[in-house]
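# Observations on the three-dimensional arrangement
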Amino acid sequence: MESIKRNILLNPGPSTTTDSVKYSQVVPDICPREKEFASLMKGLREDLVKIVHGDLNKYTSVLFCGSGTINIDVCINSLLPEGKKVLVVNNGAYSTRAVEICQYYGLPHINLAFPVDQRPDLTLVEETLKNNPDIGLVHTTHNETGTGILNPIREIGALAHKYGAFFTVDTTSTYAMRPINIEEDNIDFCMASAQKGLMAFTGLSFVVGNRSIIEQSKQFPKRSFYCNLYLQYEYFEKTGEMHFTPPVQTIYATIQALKEYWKEGEQAKWARHTRVFNAINEGLDELGFKQVIKPEWRTGLVSSAIYPDDPNWSFEKIHDYCYERGFTIYPGKISTTNTFRLCALGAIDAPDIKDFFVVFKEALKTYGVSVPVKYN
Ligand SMILES: *Cc1c(COP(=O)(O)O)cnc(C)c1O
């Protein structure tokens, strides 16, 4: 097979994929209602539970056709019992998205907001739960992809359970990268999409979680048709299929990506992402870039660098220079500070980051940005 031009994506997903994953989408045409296709999805659904070390009797996975946001929508609209409230532990853009979902559905909720560069205060989380016994669902984000801060999900999950609430975690930017143990991490539901840690393509998203809670949710108010968790689960249980048309080619690619995941191994893959992340930080440090999140709070997957105070700095120009040479850098997602992000997702390794910094330094020099970069 001919090799395909390799771009190094340093954006927070979709990520760089292997050629074997790219080519795995080229298959004979098939109707996804054939038994052959349903059997492929059965193995895929089990693998998705195994990645977070879930016991297949207790946990299951439910697939959806859409980008990662569909999972947040599904969990929030499907898992809130009648008369209960959502608590969003929010220190970034992705938990803010969960708050917006509550607003759009008109769901009673508490937005417990913390600064984007701080970890949530667990004492406040507990007080909120104690003072609001009607909280039925606690939601947070594992790695806030907008900044790269790691949230203490195990501790938040323990508090949620202590006060009788379900715990849903947006693990879209950690799943299949930073190891997760669904049971030990006190997670009832986590979620991701094929184009992030699994290094496949967009179009397939999935929720991994507690089967008995899904079954209880049959009785909860129905707020969506296409995005109801129980409805999709029940259809899978009865037929082995998605209720509506699945993203066929992305499913083939994800199955290949899973083969490559097991071959590389959880620990080796995390070690590789860590090498990439360290190489990114070394490169940024050498150039004098300041970052938003202090080192001990970083997830180890996203670096969020602050724009230098230099009249010659232009993110767009530097981006275009790098893009033309096969490297994609990404703007930040914080309203208070101008930042750009370099992410350690994807089928890349430390030498790719060395190559990137050669080009990035050339770009700074070309546009006359002083190095080391300056801050006022
Ligand atoms: C990428 C990502 C999502 C999904 O975003 P889409 O724009 O729908 O792909 C959700 N949560 C987190 C934490 C993410 O990193």
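Conventions we followed
Per chain, residues are indexed from 1 in the order of the written sequence. Local features in this predicted model are restricted to residues whose pLDDT is 70 or higher, and side-chain atom pairs enter the listing and the counts only when it is 80 or higher, whereas totals over whole chains, interfaces and linings include all residues. Excluding hydrogens and water, the side-chain values take into account all heavy atoms of the structure. Each helix corresponds to a stretch of at least 4 residues labelled H or I by DSSP, and each strand to a stretch of at least 2 residues labelled E; elements are numbered beginning at the N terminus. Type-normalised accessible area, obtained with a 1.4 Å probe on protein chains alone, sets the label of each residue: buried when under 20%, exposed when over 50%, and partly exposed for intermediate values. Whether two residues are in contact is decided by their heavy atoms, any of which lying within 4.5 Å being enough. As used throughout, domain bounds are those supplied by an automatic or database domain assignment. The term buried area refers to how much accessible surface (probe radius 1.4 Å) is lost by two components on association, counted for both of them together. Polar contacts, as counted here, are pairs of nitrogen or oxygen atoms within 3.5 Å of one another; within protein the pair requires one atom able to donate a hydrogen and one able to accept it, and residues that are adjacent in sequence qualify only if both atoms are side-chain atoms. For two strands to be treated as a pair, DSSP must find at least two bridges joining them. Note on terminology: near, applied to a residue and a molecule or strand, indicates that one of the residue's heavy atoms is within 4 Å of it. For cavity detection a 1 Å grid was placed over the protein atoms alone, and a set of points counts as a cavity when a 1.4 Å probe fits there but cannot get out; an open set counts as a pocket when protein lies on both sides within 12 Å along at least five of seven lines, with lining residues being those that have an atom within 4 Å of a point. If over half the atoms of a molecule are within 2 Å of the grid points of a cavity or pocket, the molecule is regarded as sitting in it. Classification used: nonpolar for Ala, Val, Leu, Ile, Met, Phe, Trp, Tyr, Cys and Pro, charged for Asp, Glu, Lys and Arg, polar for all others including Gly. Multiplying 1.5 Å by the helix residue count minus one yields the expected span of that helix. Grid points are joined across faces, edges and corners, and a volume is the space filled by probe spheres set on the points. By definition, a salt bridge exists where a carboxyl oxygen of Asp or Glu is found within 4 Å of a side-chain nitrogen of Lys or Arg.

### Some details on the side chain of Thr174
Take Thr174: it is sitting in the loop between β8 (166–170) and β9 (189–193). The exposure class of Thr174 is buried, given its relative accessible area of 0%. Apart from the residues within four sequence positions on either side, Thr174 is in contact with His142, Asn143, Ile180, Thr299 and Leu301.

### Concerning the domain arrangement of the protein
Assigned domains of the protein: these are domain 1 (28–262) and domain 2 (266–366). Taking only C-alpha atoms, the centre of domain 1 and the centre of domain 2 are 28 Å apart. Contacts between domain 1 and domain 2 engage 27 residues on the former and 20 residues on the latter. Among the residues of domain 1 in contact with domain 2, Thr147, Met177 and Met199 are the three that bury the most area, contributing 25% of the side total. For the pair domain 1 and domain 2, the number of links is 10 residue pairs in polar contact (both at pLDDT 80 or more).

### Observations concerning the sheet that holds strand β14 (residues 339–343)
Pairing is antiparallel across the open sheet formed by three strands, whose spatial order is β11-β14-β13. If you trace the sheet from one side to the other, it starts and ends with β11 (302–306) and β13 (330–331), each paired once. Note: β11 against β14, five bridges, orientation antiparallel. Across the sheet, Ser303 pairs through a bridge with Leu342, a residue of β14.

### Concerning the environment of His139
Relative to the assigned elements, His139 resides in strand β5 (residues 135–141). For the pair His139 and Phe189, spaced 50 residues apart in sequence, the C-alpha to C-alpha distance is 9.5 Å. At a separation of 2.8 Å, a polar atom in the side chain of His139 contacts the side chain of Thr168.

### Things to note about the site of the ligand
Contacts to the ligand come from Ser67, Gly68, Thr69, Tyr94, Arg97, Thr141, Thr145, Asp170, Thr172, Ser173, Gln195 and Lys196. For the ligand, an oxygen atom lies 2.5 Å from a polar atom in the side chain of Ser67. Within the side chain of Arg97, a nitrogen or oxygen atom sits 3.4 Å from an oxygen atom of the ligand. Here the ligand is seated within the largest pocket. Residues belonging to the shell around the ligand are distributed by class as follows: one nonpolar, eight polar and three charged.

### Looking at unusual backbone geometry
In this structure, the amide linkage connecting Gly13 to the following residue, Pro14, adopts the cis form with an omega of -5°. The topology assignment puts Pro14 in the loop between β1 (8–9) and α1 (19–23). Omega for the bond connecting Val371 with Pro372 falls within 30 degrees of zero, at -5°, which places this linkage in the cis form. Relative to the helices and strands, Pro372 resides in the segment after α12 (350–366). Even without glycine at this site, His53 takes up a positive phi of about 60°. Turning to its location among the elements, His53 is positioned in the loop between α2 (35–51) and β2 (59–65).

### Focus: the side chain of Ser95
With respect to the helices and strands, the residue Ser95 is situated in helix α4 (residues 93–105). Here Thr141 takes part through its side chain, which lies 2.7 Å from a polar atom of the side chain of Ser95. With near-sequence residues (within four places) excluded, Ser95 lies in contact with Val88, Val89, Asn90, Thr140, Thr141 and Glu144.

### Re α2
What sets the pattern is the α-helix's 3.6 residues per turn: residues three or four places apart point alike. Here α2 is 17 residues long and its end C-alpha atoms lie 25 Å apart, about the 24 Å a rise of 1.5 Å per residue gives. Taken together, the buried positions of α2 are Phe37, Ala38, Met41, Leu44, Arg45, Asp47, Leu48, Val49 and Ile51. His53 sits one or two positions beyond α2 and adopts a positive phi of about 60°.

### Examining empty space enclosed by the protein
Taken as a whole and assessed by the stated rule, the structure comprises two cavities of 30 Å³ or more. Its boundaries defined by the atoms lining it, the largest cavity holds a volume of some 80 Å³. Phe64, Cys65, Phe225, Tyr226, Asn228, Leu231, Gln232, Met242, His243, Phe244 and Thr245 are the residues that line the largest cavity. Split into classes, the residues belonging to the lining of the largest cavity amount to seven nonpolar, four polar and no charged. Its volume calculated, the second largest cavity comes out at about 40 Å³. What lines the second largest cavity is simply Ile51, Ala176, Met177, Arg178, Pro179, Ile180, Tyr261 and Glu266.

### A look at the layout of surface pockets
Put simply, the largest pocket is a space of about 290 Å³. Around the largest pocket sit 20 residues that line it, and Pro12, Thr69, Tyr94, Arg97 and Lys196 are the ones nearest its centre. Residue composition of the lining of the largest pocket, grouped by class: five nonpolar, 10 polar and five charged. Here the lining of the largest pocket gathers at least three residues from each of two domains, domain 1 (28–262) and domain 2 (266–366).

### What to know about the pattern of salt bridges
Applying the stated criterion across every chain yields a total of 16 salt bridges. Here Lys22 ties to Asp19 by a salt bridge, and the two come within 3.5 Å at their closest N and O atoms. Of this pair, Lys22 and Asp19 are both found in helix α1, three residues apart, which corresponds to roughly one turn of the helix. Since its relative accessible area comes to 24%, Asp19 is described here as partly exposed. With a closest N to O distance of 3.3 Å, Arg211 and Glu237 form a salt bridge. Within this pair, whereas Arg211 is found in helix α7 (residues 211–216), its partner Glu237 is found in helix α8 (residues 229–239), the two being separated by 26 residues in sequence. Judged by relative accessible area, which is 40%, Glu237 ranks as partly exposed.

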